[in-house]
Amino acid sequence: MKKNYIHLIAMATLISIVSGNAFAAEKNTDGSSVERYALYIGSNVGGNNRRLLYAGTDATSFQNTMAEIGGIRKSNSILLLDPAKDDVDNAMEYISTLINRNKENARRSEFVFYYSGHSDENALLLGKNTYDYSSLKASISKVPSDVHVVILDSCYSGNFIRTKGGQKQKPFLVDDSSVIKGHAYLSSSSSQEYSQESDEIGSSFFTNAMITGLRGAADTSGDKKVTLNELYSYAFSETLSKTENSSVGPQHPNYNITLVGSGDLVLSDISESDCILTLKKELSGRVIIRDKNEKLVSEINKTAAGPIYLAMEAGQYGVTVISESVTLQGSFELGEKKNYILGSENLSPVLRKSNAVRGEIADAAEEEESSSAEDLQFVPVSFSIIGNEFYREVEKPLFTNLSFGLIRAETYKTEGAMISIVANKTTILNGFQASYIYNRATELNGFQFGGIVNRADSVLGAQGAGFLNVAKDVRYCQGSGYVNVATGEVAGVQGSGIINYAGKIDGVQGAGIGNVSKGNVNGVQGAGIFNIAGGDVNGVQGSAIFNAAVGNVDGVQGAAIFNVACGSVDGVQGSVIFNFARSLDGFQCGFINICAGDADGLQLGLINYSKNGIFDVGVSVSTEKELVFALNSGNKHLYSILGYAMDLRNLYTDSGDAKKDEEASHVFLGLGTKFEVGRFGFDLQAMAHEIIIKDNTKSEDSKYEYRSEWYPSVRAAVGFRPNSHFELFAGAMVSFEAKGNSGAFTGRPNSIVVETSDSNVKLHPEFDAGIKIRI
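Basis of the calculations
- Residues numbered from 1 in each chain as written.
- Predicted model: local features only at pLDDT ≥ 70, side-chain atom pairs only at ≥ 80, totals over all residues.
- Heavy atoms only, no water.
- Helix = DSSP H or I, 4+ residues; strand = E, 2+ residues; numbered from the N terminus.
- Contact = heavy atoms within 4.5 Å.
- Areas by Shrake-Rupley, 256 points an atom, 1.4 Å probe, with all protein chains shown as cover.
- Pairing = 2+ DSSP bridges.
- Axes fitted to C-alpha atoms, helices over the stretch in contact; angles between N-to-C directions.
- Core = buried A, V, L, I, M, F, W, Y, C linked by side-chain atoms within 4.5 Å.
- Buried < 20%, exposed > 50% of the residue type's maximum accessible area, 1.4 Å probe, protein only.
- pLDDT = per-residue confidence, 0-100.
- Salt bridge = Lys/Arg side-chain N within 4 Å of Asp/Glu carboxyl O.
- Phe/Tyr/Trp six-rings, centres within 6.5 Å; stacked < 30°, edge-to-face > 60°.
- 1 Å grid on protein atoms, 1.4 Å probe; cavity = no way out; pocket = protein on both sides within 12 Å on 5 of 7 lines; lining within 4 Å.
- Points joined across faces, edges and corners; volume = space filled by probe spheres on them.
- Nonpolar A, V, L, I, M, F, W, Y, C, P; charged D, E, K, R; others polar.
- Polar contact = N/O pair within 3.5 Å; in protein donor to acceptor, adjacent residues only side chain to side chain.

## Things to note about the overall build of the chain
Right, so step 1: Scanning the chain from N- to C-terminus turns up nine helices and 62 strands.
Right, so step 2: Here the analysis covers contacts within the chain between residues at least 6 apart in sequence; of these, 44% occur between residues at least 24 apart.
Right, so step 3: With an accessible surface of roughly 35,000 Å², the chain has 57% of that area assigned to carbon and sulfur atoms.

Here it is, written out as structure tokens:
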């Protein structure tokens, strides 16, 4: 162990020499810094067959968390796993040396001592060694830092606080001073309690609460900073709630904090994290987050008082939110250096299980389970005229298999069918509910049919109405003659004759007039007139008139008239007329394509615009006596060409000198590519030309006749840019004449004609020069 420790000290010394004292974990307004140091200890072995499973991983996790968002560089910290007492003393001596070396460069120094392992009423148990609390406190006091923060996660660790020199005081003395000095001692349990760890979370309850709190769960003020006071309050509450029903008994964290100076000592800054998960303000309930391996990452009691910001590692996560009325589940991916905002619209409702509780600790989902069967009054068949007149003396909620209502029927739970002329109302429906006017079910697991309106918070079956359906979340099918409204998520099919509205779509949303989704579309959204997606489109969004996506388009967005994506387009955006995207990484196709930002994908249309693309207007004169106007638009890899050529002979030929055939109009379309070297640019283009020719020989009714001819061409050009807005260019083009399009070349100067070995093909070279203006 000592060899490993000596090696660790040597590495830390080398890092310290290389990095110097430039780092400041915290900056004051006058530029002076606060330097933080730490010693982390994890000891699974406590002697006499005492052994823990997660002390080492707890210490490592604590070090990583403080390095990421706690301002403690790893070069300023030491991690010891299963050390002896001498290793601990040597580590504290080394950290004291670091503090003294850097003291001139720091306004204040802070030292964090973290221990996870075994202890008894008198000492830490370090394998075969012990480290009594009085000696440990004296050794920590010798570390020459302004602030000492001691965190002990071990059995009976409250005795450390009660040893000589410690007393309980008010956590913080608030004044206007910018100087903080003193100590803060936090223990995971009282002087007479065990500290417990859990296989489910792979950690001790106390350290798990501390890390979760440091990563943002303890931030009650919403300023993205976690103070010592906030952290202790959160850790106390969470540790007690997780252990109060355990067979070992409840665990009460203790504290002794004497800090003189400004109010709260900030221990972590969430904004320093590369990845941040934001839990929306309106999201409330027990939020359980697990990683892709199903390991518990965080468990938070979230209220609707405000958002919570959590510093997390990049990766894939699953989340469950348990509230009084519904349980929601979903998953999300947190990308590198990305923020993710999680709300109820990103989650789906799930059925709750009616599990019997065995043992002393109930699962969170089981604790939230609604009234059990013994809390309900079971009636096989119930009958009602207006409002359950025959059951008003029953004190318990009504549970039935079959409910009949002459006008209106109401139950708490129905497993079978509810039928009435006017209205049905139940909290839980596992079966069928039908009425001429109105049906209401909080949780629907079957089929709901109403002549006019259906309403359910959660639909795990089908909901059909002649006029209107309203649901919070739809898992399978929601259909009506006029309007469907799902304020949560549609994970199945939502269809109506007029309009659909949903918070999020994972399946199909279709309407004769329009669809509106305020969240994401991960399936298909189609309408006869319009579609609007308030979030991202990851599937297909198609309509006859227009589509609008407030977020990004990662799938297909297609409309006959126009598409609008206020975010980026990473998939396909296509319309006959017009496409708009904030940025483009995919494909945009239409007559007019506009990208307000940079376009790294492709734009294919008559007119294309992007911030980093090509939008050049050029004019040139060719050897075929034509004045040529051309618009090149798109990106450098592939741009569109739209042009018009005017016969210069028409400008100086007398009207009386009519030629047999006169070129009336010459338009061309094509594609090109461009590459640049310094101020020089090189273009390669392929084009199709259409010429409208007027026959000056009048027909019998004294009207001119017109005919259309077309031919292909290729062109190469070189240009020079004296500045960023102008380019002087010269080009060479070859047009191809074949037997079927020879009429296009009749009446043209045809200055140069090249015969090929194939007598049916002739080449018409020509040259041009001009200027382009880049807009």
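## So, the sheet that holds strand S19 (residues 285–291)
Right, so step 1: Within the open sheet, the five strands sit side by side as S20-S19-S22-S23-S25. Their pairing is antiparallel. Lying at the two open borders of the sheet, with one neighbouring strand each, are strand S20 (296–302) and strand S25 (348–350). Averaged over all neighbouring strand pairs, the angle between strand axes comes to 25°, with direction disregarded.
Right, so step 2: By the bridge criterion, eight bridges tie strand S22 (residues 315–322) to strand S23 (residues 327–334) in an arrangement that is antiparallel. Within S23, the position partnered with Val-319 by the bridge is Gly-330.

## Focus on the nonpolar core
Right, so step 1: Phe-62, Leu-279 and Leu-310 are the most contacted members of the largest nonpolar core, which totals 55 residues.
Right, so step 2: Sort the elements by how many residues they give to this core and helix H6 (residues 205–217) lands first, with six residues.
Right, so step 3: Apart from the residues lying within four places of it in its own chain, the contact partners of Leu-279 are Val-287, Ile-300, Lys-302, Pro-307, Ile-308, Leu-310 and Leu-342.
Right, so step 4: Ranked by size, the runner-up nonpolar core spans 26 residues in total, among them Tyr-37, Leu-80, Phe-111 and Tyr-115.

## Some thoughts on the confidence of the model for the chain
Reading fine detail from the predicted coordinates is not recommended where pLDDT is low.
Right, so step 1: Averaged over all residues, the pLDDT of the chain equals 80, while 84% of them reach at least 70.
Right, so step 2: Counting contacts from residues 354–372, a segment whose pLDDT is below 50, to residues more than four positions away or on other chains yields 24 contacts.

## Quick word on the pattern of salt bridges
Right, so step 1: For the structure shown, the criterion picks out 24 salt bridges.
Right, so step 2: For the salt bridge of Lys-772 with Glu-727, the shortest nitrogen-to-oxygen distance reads 3.7 Å. With a gap of 45 residues between them, Lys-772 in strand S62 (residues 762–774) and Glu-727 in strand S60 (residues 726–737) connect regions that are remote in the sequence.
Right, so step 3: Residues participating in the shared-partner salt-bridge network are Asp-616, Lys-636, Glu-676, Arg-721 and Arg-774.

## Focus on the environment of Phe-404
Right, so step 1: As for its placement among the helices and strands, Phe-404 is situated in strand S27 (residues 398–405).
Right, so step 2: Linking Phe-404 and Asn-424, residues 20 residues apart in sequence, is a C-alpha distance of 9.1 Å.
Right, so step 3: The contact partners of Phe-404, leaving out residues within four places of it in the chain, are Val-381, Ser-382, Phe-383, Ser-384, Ala-409 and Ile-419.

## Section: the sheet that holds strand S8 (residues 123–126)
Right, so step 1: Taken together, the three strands give an open sheet; going across it, the order is S7-S8-S9, and neighbouring strands pair in antiparallel fashion. Of all strands in the sheet, those bounded by a partner on one side alone are strand S7 (118–119) and strand S9 (129–132).
Right, so step 2: Two strands pair when backbone bridges link them, and S7 and S8 are joined in this way by two bridges, in the antiparallel orientation. What sits directly across from Ser-119, in S8, is Leu-124.
Right, so step 3: Across the sheet, helix H3 (residues 85–102) is in contact with S8 and S9; its angle to S9 comes to roughly 50°.
Right, so step 4: On the sheet, helix H4 (residues 133–142) packs against S7, S8 and S9 and is oriented at approximately 70° with respect to S9.

## Concerning the packing of aromatic side chains
Aromatic ring pairs: the centre-centre distance and the angle between the two ring planes describe each pair.
Right, so step 1: On inspection of all chains with the given rule, the structure shows 15 aromatic pairs.
Right, so step 2: Between Tyr-232 and Phe-236, the aromatic rings sit 6.1 Å apart at their centres with planes inclined by 40°, giving tilted as the arrangement. On the criterion of helical spacing, the pair formed by Tyr-232 and Phe-236 is a turn pair, its members being four residues apart in helix H7 (residues 228–243).
Right, so step 3: Measuring from ring centre to ring centre gives 5.3 Å for Phe-675 and Phe-682, while their planes differ by 20°; the resulting arrangement is stacked.
Right, so step 4: Phe-675 gets classed as partly exposed once you look at its relative accessible area, which sits at 46%.
Right, so step 5: We classify Phe-682 as partly exposed; its relative accessible area is 30%.

## As for empty space enclosed by the protein
Right, so step 1: Per the stated rule, a full pass over the model turns up seven cavities of 30 Å³ or more.
Right, so step 2: The volume enclosed by the largest cavity comes to roughly 300 Å³.
Right, so step 3: Along its surface, the largest cavity is lined by 26 residues, and Ser-620, Val-628, Phe-668, Arg-715 and Asp-768 are the ones closest to its centre.
Right, so step 4: If you tally residues by element for the lining of the largest cavity, the top one is strand S54 (residues 614–622), at six residues.
Right, so step 5: Looking at the lining of the largest cavity residue by residue, the classes come out as 12 nonpolar, seven polar and seven charged.

## Topic: the side chain of Glu-737
Right, so step 1: Along the chain, Glu-737 falls in strand S60.
Right, so step 2: Here His-764 takes part through its side chain, which lies 2.5 Å from a polar atom of the side chain of Glu-737.
Right, so step 3: In contact with Glu-737, other than residues within four places in its own chain, are Ser-742, Phe-745, Asn-760, Val-761, Lys-762 and His-764.

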